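Understanding the architecture of this molecule
These are the residues of each chain, in order.
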Amino acid sequence: MLAIIGGSGLTRLSSLEIVRREVVRTPYGEPSGALIFGELANKPVVFLPRHGYGHTIPPHQVNYRANIWALKQAKATGIVSVASVGGIRTEFKPGTLVIPDQIIDYTWGRVGTFFEGGGDQPVQHIDFTHPYDRALRERILIAAKACQQTVFDGGVYATTQGPRLETAAEITRLERDGADLVGMTGMPEAALARELGLPYAAINVIANYAAGRGDSEQRIEFEQIEVVLQEAMARVRQLLGRICQD
Ligand code: HPA
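Residues numbered from 1 in each chain as written. Predicted model: local features only at pLDDT ≥ 70, side-chain atom pairs only at ≥ 80, totals over all residues. Heavy atoms only, no water.

Applying the stated criterion across every chain, the model contains five aromatic pairs. Aromatic pair Tyr28 and Phe114: ring centres 5.1 Å apart, planes at 65°, arrangement edge-to-face. In this pair, Tyr28 sits in the loop between strand E2 (17–22) and strand E3 (35–40) while Phe114 sits in the loop between strand E7 (102–105) and helix H2 (134–146), placing the two residues 86 residues apart along the sequence. Residue classification places Phe114 among the buried positions, given a relative accessible area of 9%. When the ring of Tyr132 is compared with that of Tyr200, the centres are 6.2 Å apart and the planes differ by 15°; the resulting orientation is stacked. In this pair, Tyr132 is assigned in the loop between E7 and H2 and Tyr200 in strand E11 (residues 200–209), connecting sequence segments 68 residues apart. We classify Tyr132 as buried; its relative accessible area is 5%. Owing to a relative accessible area of 3%, Tyr200 belongs among the buried residues under this scheme. Grouping aromatic residues by their ring pairs yields a cluster made of Tyr28, Trp69 and Phe114. (Phe/Tyr/Trp six-rings, centres within 6.5 Å; stacked < 30°, edge-to-face > 60°. Helix = DSSP H or I, 4+ residues; strand = E, 2+ residues; numbered from the N terminus. Buried < 20%, exposed > 50% of the residue type's maximum accessible area, 1.4 Å probe, protein only.)

By themselves, these observations are geometric and do not establish any function.
Shown next, in the form of structure tokens:
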């Protein structure tokens, strides 16, 4: 059963046939909301909105550990994360869908591991060379082709702390570091999924040009983001249906 974590613009999956809701408690506290079990394209899925059903939890306060743990406990076999981002690379115009293949983590102060040490547990490390699951990425790309949706294959996702957006100079620095897109929630989510052995991949929706780029040269217009996300999330919903079908 696939899990979908919805981000800004996707707190609900209208095409989901809801079967049941489950409030889950974890050793790490409460997830962002009740898990919604249902069917998409007649296949079982579990859905969780990252920022809560009322979109009230900011990126730095999401309980990433509880979310990932709850999905593992629910017997999810993989996680597709949907998240809106800013586009740094020129081709990444608002409305573009990107399946990223790399991450740079600029967040701080977030609890980023299940392996806290202490007691007599040996120290554990994970391999994170390729942070997104290859097979799950491939499945998304094949599904996109099958439903004739244009998605970009690959991109370096920079995770910033938020909740404020970046300065133009910060975006220039991220670009120098090799980042193509910027969001606030990719980490530690991806690493925690890897720690629990859950395949994880992302669909990133470019909501706006990053600060200082394109039409965000002077400022980032929030009303415009709403419009972009509303249209793009309709495509994401269709893509998710196709992913489940395969
Ligand atoms: N920066 C960081 N996160 C974002 C952005 C952005 O420009 N747009 C949407 N999420």
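The rest of the description comes next.
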